[in-house]
Amino acid sequence: MTSPREVAVVAFAQTDHVRATDGLSEVEMLLPVLRDVLGQTGMAAGEIDFTCSGSSDYLAGRAFSFTMALDGVGAWPPISESHVEMDGAWALYEAWVKILTGEAETALVYSFGKSSAGDLPEVLTRQLDPYYVAPLWPDSVSLAALQARALIDAGDTDERALAGIAARSRESARDNSHAQLRGSEPVDTLLRGDHLAQPLHTHDVAPVTDGAAAVVLAAGDTARRLSDNPAWIRGMDHRIEAHSLGVRDLTDSPSTRLAAERAGLFDEAAGPPDTAELHAPFTSQEVVLRKALRLGDGDHTAVNPSGGALAANPVMAAGLIRIGEAAARISAGASRRAVAHATSGPCLQQNLVAVLEATPAGAATGTAAGTAAAADGSEGDPE
Amino acid sequence: MNGTVSKEPVAVVGIGQTRHVAARRDVSIAGLVREAAVRALEDAGLTWADIDAVVIGKAPDFFEGVMMPELYLADALGAVGKPMLRVHTAGSVGGSTALVASNLVSARVHRTVLTLAFEKQSESNAMWGLSLPVPFQQPLLAGAGGFFAPHVRAYMHRTAAPDHIGSLVAFKDRRNALKNPYAHLHEEDITLEKVRASPMLWDPIRYSETCPSSDGACAMVLTDREGAGRAPHPPAWVHGGAMRSEPTLFAGKDAVSPRAGSDCAADVYRQAGITDPRREIDAVEMYVPFSWYEPMWLENLGFAEEGEGWKLTESGATELDGDLPVNPSGGVLSTNPIGASGMLRFAEAALQVRGQAGDHQVEGARKALGHAYGGGSQFFSMWLVGAEPPAS
């Protein structure tokens, strides 16, 4: 839905993502990120009204893995806190709703994943229907390859175009000091490599990553006080599709389209976004998402200027990082209107879309204009 | 509108649960959750099409061996094309899940939300699912009982409570369960002597003072004021809800009466305008997985002064016909599908104020507290529901 109350991302922090953090526990990986994000706002953990995190026990290989992370927050005196067994983007959604109720003015959102603790494609098979599919152990790369094949068969893409997405993403990541893979061989070189699971090559697949991320949300004037340039959440929505791959059109993502529509992405008055941070762990999924989000192939939208999940994919945090990257671009003045996307489940089963905007020109310093816009329910003019 | 956001009142208009048993081998996980969801929809007089979003909760995924099972359950819960959220806050999750759903209505993001929690413990072995592999935990700390028994002993030491209090709680809750057709344990021949003679598991916790392992699910339909107006049965209204967390272990932690618990209760009472919980609250559904936690939580939640909780239990006040009935449903001691246990507390509190608790109805209940906790006595979620809409 579009936001009835002004809520903004006012700070974002992430780890320098790596293949394996063998020497670090989850808490040790998370702690510097939490200190960084709170430091940006000048707030202590105890001043935050609501805290919400996202992580998965199956990545950690032990029950209640998120409870240890609380040590990194410093939850004493006790805090108002919740946790989703989902990507941190959904933790951010829960925190956003909490602020919309009026029960909180600020929220800390964080997520983390140490994929190095296991064999990620094998671990992800445990997400599948436990009676009919999981016993076959179909790994996540093979399932994504089925989706890529469907796209190629439908004439939506080809292996060269997919390699182009890989090269573009990792070249973009040259400017992202947090990325795990920075820079790419040219497309012709990439295409000479072997297939990982046809039609996907190694370059089509996100790296296996350990990492964490955190975001601070704030409402209205609090956001203006905490940040010179808050990234306002104009709308956010998420939708899920059927689980069975056999009943879905893998070349399309109706859940992404519906979420985008509800989040106000297609509002004609606002125009297309100048930035899109898409959570596509496979090159082929960017093709699906571009179509669903109506981004086209033109130049009006910079897609994954951070490099996206193809440059660093800390599972459970990679979606939250898309929102953080989009917000950071707005706060840096490089974007006026951005769309951020997160996904979960096999072949884009579940998708979240957030629309973020800079403070409208002319209202940058005056809180009155922002309050009026919220009160009459108007979206504000991004230009 | 900063700081002056008006919240939408939230009503519980549908409640459904499964008959809880040790092993539901006749249904899949999807079949189990759907059973509870369909009953909640029927109670609300609604269909799947009336539901805007689904919020699901359960305890660790290792209990069934399915990672993020909500993905697979989207179809069974009619969530396709809708938002679906999955909450996990350890043992408090059933309560937290209901609160997340309640916030969606309260913030006017959605009008009608289905919330559901479940556990199908027979798919695995919960005790070992909870026992972390070495080196994260010493090998003898098997299961939750091993973790909580020392805290119970600390409570007895601190308050000089006599040894028999725990057996009184177990005897009461198991008798209450005989009046609840959905309860897992129906021990028709239970006697106080049998409870006291049962084997010692984790001293001072005896076998009969311990929660069972159950398969089960609980679902609720939450809606806004307009939705409540259309409901076929009287709704329960949410007067307050809160969550609090603190770390598992730290120097100075009070494991007997954690501050996160008392802070959470204080927040709920403030929202609901409760100043004297003992007098103003008519029924309590609290999370008592081991009998001694009743007197411990009575103190933590402000129903008794520090050190006096066991006297309240001993006096009979917490019996079904006492002046502060605790766990009229039979509680966690009689039914424990872990991820759903918290939501069952919330739902049973709502059933009481709706006057729909059947044989375990507390006569004239107008305000009831639902309570859940989890982890190392560190995660708390509570709500207070009333028969009347909230004042504001």
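- In the nomenclature of an unreviewed UniProt entry, chain A corresponds to Thiolase domain-containing protein from the organism Streptomyces iconiensis.

## Some thoughts on the overall build of chain B
1) Next: Along the backbone of chain B there are 14 helices and eleven strands.
2) Next: In terms of overall size, chain B behaves like a compact globule, its C-alpha atoms giving a radius of gyration of 19 Å where 392 residues would be expected to give roughly 21 Å.
3) Next: Overall size of chain B, expressed as C-alpha extent along the three principal axes, is 50 × 45 × 45 Å.
4) Next: Once local pairs closer than 6 in sequence are excluded, the contacts in chain B between residues at least 24 apart make up 77%.
5) Next: Within chain B, the 45 negative side-chain charges are centred at a point lying 2 Å from the centre of the 34 positive side-chain charges.

## Considering the domain arrangement of chain A
All names here are of chain A.
1) Next: Assigned domains within chain A: domain 1 (7–118 + 208–373) and domain 2 (120–203).
2) Next: Computed over C-alpha atoms only, the centres of domain 1 and domain 2 are separated by 22 Å.
3) Next: Taken together, the contact pairs 40 residues of domain 1 with 33 residues of domain 2.
4) Next: Of the roughly 2900 Å² buried between domain 1 and domain 2 on both sides combined, carbon and sulfur atoms contribute 61%.
5) Next: Broken down residue by residue, the surface that domain 1 buries against domain 2 is led by Phe282, Thr283 and Leu310, which jointly contribute 17%.
6) Next: In this assembly, domain 1 and domain 2 are joined by two salt bridges.
7) Next: Residue Arg168 pairs with Glu286 through a salt bridge whose shortest N-O separation is 2.9 Å.

## Some remarks on the pairing of strand S8 (residues 236–245) of chain B
Residues and elements named next belong to chain B.
1) Next: With respect to burial, S8 is a largely interior element, ten of its ten residues being buried.
2) Next: Relative to S8, strand S1 (residues 11–17) runs antiparallel, the two being bridged by two bridges. What sits directly across from Val12, in S8, is Ala236.

## A short note on the packing of helix H6 (residues 140–153) of chain A against helix H11 (residues 283–292) of chain A
Between two packed helices, the angle of one axis relative to the other and the distance separating the axes together describe the packing.
Residues and elements named next belong to chain A.
1) Next: Close contact between H6 and H11 brings their axes to 9 Å; oriented N to C, the two are set at 55°. Considering the angle they form, H6 stands oblique to H11. Crossing hand, H6 versus H11: left-handed. In this structure, H6 uses Ala144, Gln147, Ala148 and Leu151 to contact H11, whose residues at the interface are Ser284, Gln285, Val287 and Val288.
2) Next: Its residues assigned to classes, the contact of H6 with H11 shows five nonpolar, three polar and no charged.

## Comments concerning the nonpolar core
Burial of nonpolar side chains together is a common tendency in soluble globular proteins.
1) Next: Grouped together as the largest cluster of nonpolar side chains are 83 residues, with contacts concentrated most on Trp96, Leu217 and Leu356 of chain A together with Met220 and Trp383 of chain B.
2) Next: The leading source of residues in this core is helix H4 (residues 88–100) of chain A, at ten residues.
3) Next: Dropping the residues within four chain positions of it, Leu217 of chain A is found in contact with Val7, Ala8, Val9, Leu92, Ala95, Trp96, Ile99, Glu105, Thr106, Ala107 and Ile233 of chain A.
4) Next: One finds Val195, Tyr293, Val332 and Ile338 of chain B within the second-largest nonpolar core, a separate group that totals 55 residues.

## Re the environment of Ser331 of chain A
Residues and elements named next belong to chain A.
1) Next: By secondary structure assignment, the location of Ser331 is in helix H12 (residues 318–331).
2) Next: Among the residues examined, Ser331 registers a relative accessible area of 30% and is labelled partly exposed.
3) Next: With 134 residues separating them in the primary sequence, Ser331 and Ala197 have C-alpha atoms 40 Å apart.
4) Next: Beyond its immediate sequence surroundings of up to four residues, Ser331 is in contact with Asn229, Pro230 and Ala231.
5) Next: Looking at Ser331, its side chain comes within polar contact range of the main-chain oxygen of Asn229, at 2.8 Å.

Cut-offs used in this document
Here, residues in each chain are numbered from 1, in the same order as that chain's written sequence. Written order determines the labels here, with chains lettered from A and ligands numbered from 1. Owing to the predicted nature of the model, reporting of local features is limited to residues with pLDDT of at least 70; listing and counting of side-chain atom pairs is limited to 80 or more, with chain, interface and lining totals taken over all residues. Think of the side-chain values as coming from all heavy atoms in the structure, minus any hydrogens and water. Helix and strand definitions here come from DSSP, where helices need a minimum of 4 consecutive H or I residues and strands a minimum of 2 consecutive E residues; each element is numbered from the N-terminal end. Restricting the calculation to C-alpha atoms gives the radius of gyration, and the globule rule supplies 2.2 Å times the number of residues raised to the power 0.38. Two residues qualify as a contact provided that any one of their heavy atoms is within 4.5 Å of a heavy atom in the partner residue. Lys and Arg are tallied as positive, Asp and Glu as negative. Neither His nor the chain termini are counted. Here the site of a charge means atom NZ of a Lys, CZ of an Arg, CG of an Asp or CD of a Glu. Residue ranges assigned to each domain were obtained from an automatic or database domain assignment. As a working definition, buried area equals the accessible area (1.4 Å probe) given up by two parts on being put together, with both sides summed. For salt bridges, the criterion is a side-chain nitrogen of Lys or Arg within 4 Å of an Asp or Glu carboxyl oxygen. When accessible area is computed with a 1.4 Å probe and restricted to protein chains, residues below 20% of their type maximum are described as buried, those above 50% as exposed, and intermediate ones as partly exposed. Two strands qualify as a pair provided DSSP detects at least 2 bridges between them. Fitted lines through C-alpha atoms serve as axes, helices being fitted only where they are in contact, and the angles separating the N-to-C directions of these axes extend from 0 to 180 degrees. By definition in this entry, angles of less than 35 degrees are roughly parallel, angles greater than 145 are roughly antiparallel, angles of 65 to 115 are roughly perpendicular, and the rest are oblique. Note on convention: near helix rotated counterclockwise from far helix by under a right angle means a left-handed crossing. Clockwise means right-handed. The classification used treats Ala, Val, Leu, Ile, Met, Phe, Trp, Tyr, Cys and Pro as nonpolar, Asp, Glu, Lys and Arg as charged, and all other residues, Gly among them, as polar. Working definition of a nonpolar core: buried Ala, Val, Leu, Ile, Met, Phe, Trp, Tyr and Cys residues. They are joined through side-chain atoms within 4.5 Å. The definition of a polar contact used here is a pair of N or O atoms within 3.5 Å, where within protein one atom must be able to donate a hydrogen and the other to accept one, and adjacent residues in sequence count solely through side-chain atom pairs.

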